[in-house]
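# Coordinate analysis (summary)
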Amino acid sequence: MMMKKLLLLALLVSGCASVSDRPATVERMYVIDCGENRVKDLARWSTADAGKGAVFLNHCYLIKHAKGWLLWDTGISDTVAAMPNGMTVLGGVLTQVLRKPLADSLQEIGVAPADIQHLAMSHMHGDHTGNANLFTAATLYMQAVEYDAAFGPEPQKFGFQAANYAKLRASPVVKLAGDHDVFGDGTVVIKSAPGHTIGHQVLLVRLAQAGPVVLSGDVVHYAANWNAKRVPPANFNADQSAISMRMVEQLMARTGAKLWINHDPEQGKAIPKAPAYVQ
Ligand SMILES: [Zn+2]
């Protein structure tokens, strides 16, 4: 009996040691400024904020894992950088602005689009797929329902602009029906979080020093909506949206992860931008 207890203790201790000695397999993450969405009226995102304007930040996230590079979201199209007044979409509600093309940011980091072997986007709206066509060398990770909507006969019905990502039609794809551990070590995990779009997803990244973070995609757009768990009226499915926010909240409670809200007008300002990185 005593022997058994000692053995168990030894196993627990050695188990702990192997966890803390485990090498950091996410080596770094670059948070890239991928433009700005100037919103005239927030009614589309929350009836409580109808009539108010906002400037949504817009980011791409480049992760260097020991097994390769993964890009999460591709931002506003680099073509917008040449438009002095930006590009107005959604019937005037929103103007996209881009100061620095993603291609330039990658060059500054020292990574070519062809070096990126793994591409995942939270969803296929224009401000997340703007530069998708640059990454034809990458394997694509998408929820099957999002893939079928994006590459099916009527992408516009889902609010997608097929020209943004047309070149990915030939890409190798891992079609998902739920969560997916990209590198098999639990450090970069895609979590299905439908509602904003039919197959929206978020990304859990375990950083060695900063700790775990959830990259929100558009499961929420800004802090006030998160705090009140408000579902934007323009979302694809309101019930699923609420369930996905609860899923993220539970994931955060379970893992201690922080939520990095891609579009929040304030939160992203405090996060160092590429070519700096977080670890
Ligand atoms: Zn968005």
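Small disclaimer: the values here were computed from a predicted structure and weren't measured.

What follows deals with unusual backbone geometry. Cis geometry is adopted by the peptide bond preceding Pro-275, which originates at Ala-274 and carries an omega value of 15°. Structurally, Pro-275 can be placed in the segment after strand S13 (258–260). Here the phi dihedral of Asp-73 falls at roughly 70°; this positive angle occurs in a residue that is not glycine. In this fold, Asp-73 is placed in the loop between strand S3 (68–72) and strand S4 (87–89). Unlike most non-glycine residues, Lys-229 shows phi in positive territory, near 50°. Mapped onto the secondary structure, Lys-229 falls in the loop between helix H5 (223–228) and helix H6 (238–255).

On to the confidence of the model for the chain. Of all residues in the chain, 91% have pLDDT values of 70 or greater, and the mean over the chain is 93. For the chain, per-element mean pLDDT is lowest for helix H1 (residues 2–20), which scores 46, and highest for strand S6 (residues 118–120), which scores 99. Under a pLDDT of 50 for its full length, residues 6–20 has, in the predicted model, zero contacts with residues more than four places off or in other chains.

In this section: the coordination of the zinc ion. Six octahedral donors at a metal ideally form angles of 90 or 180 degrees, and four tetrahedral donors ideally form angles of 109.5 degrees. Asp-127 (OD), His-128 (NE2), Asp-218 (OD) and His-263 (NE2) make up the full set of protein donors to the zinc ion, lying at 2.1 to 2.3 Å. Mapping the donors of the zinc ion onto the primary sequence yields the spacing D-H-x89-D-x44-H. Placement of Asp-127 in helix H3 (residues 126–129) and of Asp-218 in the loop between strand S12 (211–215) and H5 is noted, with a sequence separation of 91 residues between them. For Asp-127, a relative accessible area of 11% translates into the label buried.

Looking now at the side chain of Glu-146. Looking at the element boundaries, Glu-146 is found in helix H4 (residues 144–151). Here Glu-146 is buried and forms no salt bridge, its nearest opposite-charge partner Lys-175 lying at an N-O distance of 13 Å. A polar side-chain atom of Glu-146 sits 3.0 Å from the main-chain amide nitrogen of Met-124. Beyond its immediate sequence surroundings of up to four residues, Glu-146 is in contact with His-123, Met-124, Phe-160, Thr-197, Ile-198, Gly-199 and His-200.

In this section: the environment of Thr-197. Tracing the backbone through its elements, the reader meets Thr-197 in the loop between strand S10 (188–192) and strand S11 (201–207). Overall, the relative accessible area of 2% leaves Thr-197 in the buried class. Sequence separation between Thr-197 and Asn-237 is 40 residues, and the spatial gap between their C-alpha atoms is 7.3 Å. In contact with Thr-197, not counting residues within four places along its chain, are His-123, His-125, Glu-146, Phe-160 and Phe-236.

Taking burial as the measure, the five residues of S10 include four buried ones, the bulk of the element. Pairing geometry for strand S9 (residues 180–181) and S10, over two bridges, is antiparallel. In the sheet register, His-180 faces S10, and the bridge partner there is Ile-190. In this structure, the hairpin formed by S9 and S10 is closed by a connection of six residues, where Gly-184 is found at a positive phi of approximately 75°.

Before going further, it helps to spend a moment on the environment of Gly-211. Along the chain, the position of Gly-211 falls in strand S12. Sequence separation between Gly-211 and Gly-256 is 45 residues; the distance between their C-alpha atoms is 8.1 Å. Contacts of Gly-211, omitting those with residues within four sequence positions, involve Val-205 and Arg-206.

Once that is clear, we can look at the packing of aromatic side chains. Scanning all chains against the criterion turns up eight aromatic pairs. With a centroid separation of 5.4 Å and 70° between ring planes, the pair formed by Tyr-30 and Tyr-277 is classed as edge-to-face. Residue Tyr-30 is located in strand S1 (residues 26–39), and its partner Tyr-277 is located in the segment after S13; the two are separated by 247 residues in the primary sequence. Classification of Tyr-30 as buried rests on a relative accessible area of 4%. Through successive ring pairs, a cluster of aromatic residues spans Tyr-30, Trp-69 and Tyr-277. Here Arg-44 stacks its cationic end above the ring of Trp-45, 6.0 Å away from the centre of that ring. We note Lys-229 situated over the ring of Trp-226; from NZ or CZ to the ring centre the distance is 3.9 Å.

Cut-offs used in this document
Residues numbered from 1 in each chain as written. Predicted model: local features only at pLDDT ≥ 70, side-chain atom pairs only at ≥ 80, totals over all residues. Heavy atoms only, no water. Helix = DSSP H or I, 4+ residues; strand = E, 2+ residues; numbered from the N terminus. pLDDT = per-residue confidence, 0-100. Contact = heavy atoms within 4.5 Å. Donors = N, O, S within 2.8 Å, 3.2 Å for Na, K, Ca; no water. Buried < 20%, exposed > 50% of the residue type's maximum accessible area, 1.4 Å probe, protein only. Lys, Arg positive; Asp, Glu negative; His and termini not counted. Salt bridge = Lys/Arg side-chain N within 4 Å of Asp/Glu carboxyl O. Polar contact = N/O pair within 3.5 Å; in protein donor to acceptor, adjacent residues only side chain to side chain. Pairing = 2+ DSSP bridges. Phe/Tyr/Trp six-rings, centres within 6.5 Å; stacked < 30°, edge-to-face > 60°. Lys NZ or Arg CZ within 6 Å of the ring centre and 35° of its normal.

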